[in-house]
Amino acid sequence: MNFYGLTRSMSKKGCSPDNSACEGVFGRIKNEMFYNTDWSGVSISDFVGILNNYLQWYNETRIKKSLGYLSPMEYRRNLGLVA
(Lines give C-alpha, C1' and ligand atoms only; values in the text may rest on other atoms or scores of the structure.)
Protein backbone atom coordinates (compact mmCIF):
# COMPACT_ATOMS: atom_id res chain seq x y z
CA MET A 1 0.00 0.00 0.00
CA ASN A 2 2.79 2.46 0.81
CA PHE A 3 4.19 1.98 -2.68
CA TYR A 4 1.05 3.63 -4.11
CA GLY A 5 0.81 6.31 -1.42
CA LEU A 6 -2.37 4.82 0.03
CA THR A 7 -3.34 4.47 3.67
CA ARG A 8 -5.50 1.59 4.81
CA SER A 9 -8.88 2.88 5.96
CA MET A 10 -9.73 -0.15 8.05
CA SER A 11 -7.91 -1.90 10.83
CA LYS A 12 -5.91 -5.11 10.54
CA LYS A 13 -6.87 -7.97 8.26
CA GLY A 14 -9.75 -10.08 9.47
CA CYS A 15 -11.22 -7.48 11.85
CA SER A 16 -14.86 -8.58 11.91
CA PRO A 17 -16.37 -5.25 13.10
CA ASP A 18 -14.86 -3.51 10.06
CA ASN A 19 -15.98 -6.31 7.78
CA SER A 20 -19.57 -6.24 9.04
CA ALA A 21 -19.79 -2.48 8.61
CA CYS A 22 -18.51 -2.73 5.04
CA GLU A 23 -20.82 -5.63 4.24
CA GLY A 24 -23.75 -3.63 5.60
CA VAL A 25 -23.00 -0.66 3.36
CA PHE A 26 -22.48 -2.82 0.28
CA GLY A 27 -25.69 -4.73 1.02
CA ARG A 28 -27.66 -1.52 1.33
CA ILE A 29 -26.25 -0.22 -1.96
CA LYS A 30 -27.23 -3.45 -3.70
CA ASN A 31 -30.74 -3.47 -2.22
CA GLU A 32 -31.52 0.22 -2.71
CA MET A 33 -29.73 0.92 -5.99
CA PHE A 34 -28.59 -2.16 -7.86
CA TYR A 35 -31.24 -4.88 -7.58
CA ASN A 36 -34.54 -4.55 -9.46
CA THR A 37 -32.89 -2.38 -12.11
CA ASP A 38 -32.28 -3.40 -15.70
CA TRP A 39 -28.62 -2.54 -16.28
CA SER A 40 -28.47 -3.89 -19.83
CA GLY A 41 -27.20 -1.23 -22.20
CA VAL A 42 -25.71 0.87 -19.38
CA SER A 43 -22.03 1.59 -19.98
CA ILE A 44 -19.44 1.35 -17.23
CA SER A 45 -18.97 5.12 -17.24
CA ASP A 46 -22.73 5.66 -16.97
CA PHE A 47 -22.90 3.12 -14.14
CA VAL A 48 -20.08 4.90 -12.29
CA GLY A 49 -22.02 8.18 -12.61
CA ILE A 50 -25.22 6.56 -11.33
CA LEU A 51 -23.36 4.99 -8.41
CA ASN A 52 -21.68 8.31 -7.61
CA ASN A 53 -25.06 10.07 -7.58
CA TYR A 54 -26.47 7.39 -5.27
CA LEU A 55 -23.51 7.68 -2.86
CA GLN A 56 -23.81 11.46 -2.83
CA TRP A 57 -27.53 11.15 -2.03
CA TYR A 58 -26.79 8.50 0.60
CA ASN A 59 -24.29 10.74 2.42
CA GLU A 60 -25.87 14.16 1.97
CA THR A 61 -29.65 13.72 1.76
CA ARG A 62 -30.81 10.35 3.06
CA ILE A 63 -31.82 10.60 6.71
CA LYS A 64 -31.08 7.94 9.31
CA LYS A 65 -33.09 7.33 12.45
CA SER A 66 -29.93 6.31 14.35
CA LEU A 67 -28.40 9.72 13.56
CA GLY A 68 -31.37 11.64 14.93
CA TYR A 69 -33.10 11.83 11.54
CA LEU A 70 -30.14 13.61 10.00
CA SER A 71 -28.11 12.67 6.96
CA PRO A 72 -24.59 11.42 7.66
CA MET A 73 -23.11 14.75 6.51
CA GLU A 74 -25.54 16.80 8.65
CA TYR A 75 -24.65 14.63 11.63
CA ARG A 76 -20.92 15.12 11.07
CA ARG A 77 -21.38 18.88 10.61
CA ASN A 78 -23.30 19.05 13.91
CA LEU A 79 -20.39 17.30 15.62
CA GLY A 80 -17.91 19.73 14.03
CA LEU A 81 -16.16 16.93 12.12
CA VAL A 82 -16.61 18.53 8.68
CA ALA A 83 -16.93 22.09 7.47
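Now for a look at the structure at hand. Owing to the predicted nature of the structure, the values given are computational and were not obtained by experimental measurement.

## Concerning the overall build of the chain
Here comes step 1: From N to C terminus, the chain includes three helices and zero strands.
Here comes step 2: When burial is assessed residue by residue, the chain has 12% of its 83 residues classed as buried.
Here comes step 3: Residue pairs in contact within the chain that sit at least 24 positions apart in sequence constitute 19% of those at least 6 positions apart.
Here comes step 4: Per element, the accessible surface of the chain, about 6,800 Å² overall, is 56% carbon and sulfur.

## Structural notes on the packing of aromatic side chains
Here comes step 1: Throughout the structure, instances matching the rule amount to six aromatic pairs.
Here comes step 2: When the ring of Tyr54 is compared with that of Trp57, the centres are 5.6 Å apart and the planes differ by 45°; the resulting orientation is tilted. Of this pair, Tyr54 and Trp57 both sit in helix 2 (residues 44–60), three residues apart, which is roughly one turn of that helix.
Here comes step 3: We classify Tyr54 as buried; its relative accessible area is 9%.
Here comes step 4: When the centroid spacing of 6.0 Å and the interplanar angle of 40° are considered together, the rings of Tyr54 and Tyr58 count as tilted. Here the residue Tyr54 and the residue Tyr58 both occupy positions in helix 2, the gap between them amounting to four residues, near one helical turn.
Here comes step 5: Within the aromatic cluster, the residues linked to one another by ring pairs are Phe34, Tyr35, Trp39 and Phe47.

The rules behind the values
- Residues numbered from 1 in each chain as written.
- Predicted model: local features only at pLDDT ≥ 70, side-chain atom pairs only at ≥ 80, totals over all residues.
- Heavy atoms only, no water.
- Helix = DSSP H or I, 4+ residues; strand = E, 2+ residues; numbered from the N terminus.
- Buried < 20%, exposed > 50% of the residue type's maximum accessible area, 1.4 Å probe, protein only.
- Contact = heavy atoms within 4.5 Å.
- Areas by Shrake-Rupley, 256 points an atom, 1.4 Å probe, with all protein chains shown as cover.
- Phe/Tyr/Trp six-rings, centres within 6.5 Å; stacked < 30°, edge-to-face > 60°.

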